[in-house]
Amino acid sequence: MRIGVYGGTFNPPHLGHITAARAVFELLKLDKLLLIPDAQPPHKPLPEGSPTAQQRLELTRLAGEQLGLEERVETLDIELCRGGKSYTADTLTAVRALYPDDELWLLMGTDMFLTLHTWHEPERIMALAGIAAFGRSEKDSEELFAIQRERLYQTYPFARIFTLTVPGVVDISSTDLRDKLAEGGGSYYLAPAVYGAILRDKLYGTDENLKALPLEKLRPVALSFLKHKRIPHVLGTEQEAIRLSVRYGADVGKARVAALLHDCTKRLEMDEQTALCRAYGIQLDQLEQHALKLLHAKTGAAIARDAFGVDNEIYTAIFWHTTGHANMTLLEKIMYLADYIEPTRDFPGVDGLRAACYEDLDKGLRMGLEMTIQEMHDRGNPVHSATLEADEYLKGN
């Protein structure tokens, strides 16, 4: 494999990092990209008030997911676990141990490239990896690259060096971006999920009240909870909830909040879900104790109420969006069906279900419940009692 290694403080990781990494990935035809946040940069200390190492790791992971490379991009904590000053030579040695037979390329920006000969053990660095240097602005000219390339080739004739200027890339320094964030701006320079995590955890001087977020800020915060592949589903559910709310006279604002937060704990594993259930006093029946897919609705509702201050109407719409229950409210029905028929859903019968939902809401709800029951039977899985009760209730009305 041909593997790119991209290290840095990523404080925070911004669109300049993302677009440059993507360009190098494509031009060098890399098979994998490793993002590695520094523990302690050797050339300068982290600014006072910087996020913790774990928070920077999470921001970097979220930024990496925005590359759309799926399993081909990975965020590693090897420098954070090692501690002390983060020397690139040591990091590459560790990566080489993980990938002994693969071709490594070290990604870096112009400033780093122009000072590479002054780094700790530059000879070892260039023996372990090729150098892929990229410019992020018009001033990063080929002339600058050429002078440094010649210097490095003369000193290290075995070096492999690739340089490029990435046109149209977002050009922002991390220092300037931190200042913009502290002043209430900066969102333009960040992937939405990264910006949301910064607001969520009140990083870089931000201080948003999560219980009074406008929708334009709630959306990125909600996305920061998700795996990248789930983002289109959540945004699709929001759009479907808007349409259904307009069609049937529900509160559009509440429907949008419920849709944005309905999967906020979806990425958690069983032990994390059950820990949240214990923390919030959520009682689980026998089926729920063993069915991971049923738990995120309950824990998501709890987080929505505890962290974001949603009212009871939104809380119950999230709580019941997976199973339904007898005598559902209008918002609960809309949330259940918006999750079921949003535009990215593609399964046999979905078009007929969509048509039924806009013809008559209860007709669509009953069809959706019966499709779920049939699917569970076909798979040999038990059906949650609340789903059966919801179906029986609609049959009797």
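Description of the structure in this document. These numbers come from a predicted model, not from an experiment.

**Some remarks on the packing of helix H18 (residues 361-379) against helix H19 (residues 385-395)**
- Here H18 crosses H19 at 140 degrees, and the two axes come no closer than 10 Å. Comparing their axes, H19 and H18 come out oblique. Relative to H19, the crossing made by H18 is left-handed. Contacts between H18 and H19 pair Asp362, Leu365, Arg366, Leu369, Glu370 and Ile373 from the former with Thr387, Leu388, Ala390, Asp391, Leu394 and Lys395 from the latter.

**Things to note about the packing of aromatic side chains**
- If you walk through the whole model with that rule in mind, you get 10 aromatic pairs.
- When the centroid spacing of 5.4 Å and the interplanar angle of 85 degrees are considered together, the rings of Tyr6 and Phe10 count as edge-to-face. No difference in accessibility class separates Tyr6 from Phe10, as the two residues are buried.
- Through pairs of rings, three or more aromatic residues link up here, namely Tyr6, Phe10 and Phe134.
- Here Arg160 stacks its cationic end above the ring of Trp105, 5.2 Å away from the centre of that ring.
- Sitting above the plane of the Tyr315 ring, Arg305 keeps its charged end 3.7 Å from the centroid.

**As for the state of the cysteines**
- Scanning the model with the defined rule gives 0 disulfides in all.
- Cys264 takes part in no disulfide bond, and the closest cysteine sulfur, belonging to Cys277, lies 12 Å away.
- By relative accessible area, which is 4% here, Cys264 ends up buried.

**A word on the pattern of salt bridges**
- On inspection of all chains with the given rule, the structure shows 27 salt bridges.
- We note a salt bridge from Lys217 to Glu208, for which the minimum N-O separation is 2.6 Å.
- The closest approach of N and O atoms between Lys395 and Asp391, which form a salt bridge, is 3.3 Å. A residue pair is termed a helical-turn pair when its members lie 3 or 4 positions apart in one helix, as Lys395 and Asp391 do in helix H19 at 4 residues.
- By relative accessible area, Lys395 is classed as partly exposed at 42%.
- Bridged by salt links that share partners, the residues Glu58, Arg61, Glu65 and Arg267 form one connected network.

**Here we look at the pairing of strand S5 (residues 130-135)**
- The element S5 is extensively covered by neighbouring structure, given that 6 of its 6 residues are classed as buried.
- A two-sided burial pattern is seen for S5, the buried positions comprising Gly130, Ala132 and Phe134 on one face and Ile131, Ala133 and Gly135 on the other.
- As judged from the 5 bridges shared by strand S4 (residues 103-109) and S5, these two strands associate in the parallel manner. Paired with Leu106 across the strands is Ile131, a residue of S5.
- Looking at chain direction, S5 and strand S6 (residues 161-165) are connected through 5 bridges and run parallel. Directly across from Ile131, in S6, lies its bridge partner Ile161.

**Re the sheet that holds strand S2 (residues 32-37)**
- The strand order across the open sheet built from 6 strands is S3-S2-S1-S4-S5-S6, with neighbouring strands paired in parallel fashion. Looking at strand neighbours, the two that pair on one side only are strand S3 (73-75) and S6, the edges of this open sheet. Averaged over all adjacent pairs, the angle separating strand axes in this sheet is 20 degrees, with direction ignored.
- With 5 bridges joining them, strand S1 (residues 2-8) and S4 adopt parallel strand pairing. By the bridge assignment, Tyr6 is partnered in S4 with Leu107.

**Here's the deal with the nonpolar core**
- In terms of nonpolar packing, the biggest core is built from 86 residues, with Leu33, Leu261 and Phe308 touching the most fellow members.
- Looking at this core element by element, the count peaks at 8 residues for helix H16 (residues 330-341).
- Setting aside anything within four residues of it in sequence, one finds Leu33 in contact with Gly4, Tyr6, Ala21, Phe25, Leu67, Arg72, Val73, Glu74 and Leu107.
- Membership of the second largest hydrophobic core comes to 26 residues, among which are Ile3, Leu92, Ile125 and Ala133.

**Regarding the pairing of S2**
- Within S2, 6 of the 6 residues are buried, which leaves the element mostly enclosed by the surrounding structure.
- The side-chain alternation of S2 yields two buried faces, one formed by Lys32, Leu34 and Ile36 and the other by Leu33, Leu35 and Pro37.
- As paired elements, S1 and S2 share 6 bridges and run parallel to each other. Note that in S2 the partner of Ile3 across the bridge is Lys32.
- Following the backbone out of S1, through helix H1 (residues 15-27) and into the adjacent parallel S2, one traces a crossover that is right-handed.
- Sheet topology note: the S2/S3 ladder contains 3 bridges and is parallel. Within S3, the residue paired with Leu35 across the bridge is Thr75.
- At this point the chain moves from S2, through helix H2 (residues 53-65), to the parallel S3, and the crossover so formed is right-handed.

Thresholds applied
- Residues numbered from 1 in each chain as written.
- Predicted model: local features only at pLDDT ≥ 70, side-chain atom pairs only at ≥ 80, totals over all residues.
- Heavy atoms only, no water.
- Axes fitted to C-alpha atoms, helices over the stretch in contact; angles between N-to-C directions.
- Helix = DSSP H or I, 4+ residues; strand = E, 2+ residues; numbered from the N terminus.
- Parallel < 35°, antiparallel > 145°, perpendicular 65-115°, else oblique.
- Left-handed = near helix turned anticlockwise from the far one by under 90°.
- Contact = heavy atoms within 4.5 Å.
- Phe/Tyr/Trp six-rings, centres within 6.5 Å; stacked < 30°, edge-to-face > 60°.
- Buried < 20%, exposed > 50% of the residue type's maximum accessible area, 1.4 Å probe, protein only.
- Lys NZ or Arg CZ within 6 Å of the ring centre and 35° of its normal.
- Disulfide = S-S within 2.5 Å.
- Salt bridge = Lys/Arg side-chain N within 4 Å of Asp/Glu carboxyl O.
- Pairing = 2+ DSSP bridges.
- Core = buried A, V, L, I, M, F, W, Y, C linked by side-chain atoms within 4.5 Å.
- Right-handed = clockwise from strand over helix to strand, strands pointing away.

Remember, this is a structural readout, not a statement about activity or role.
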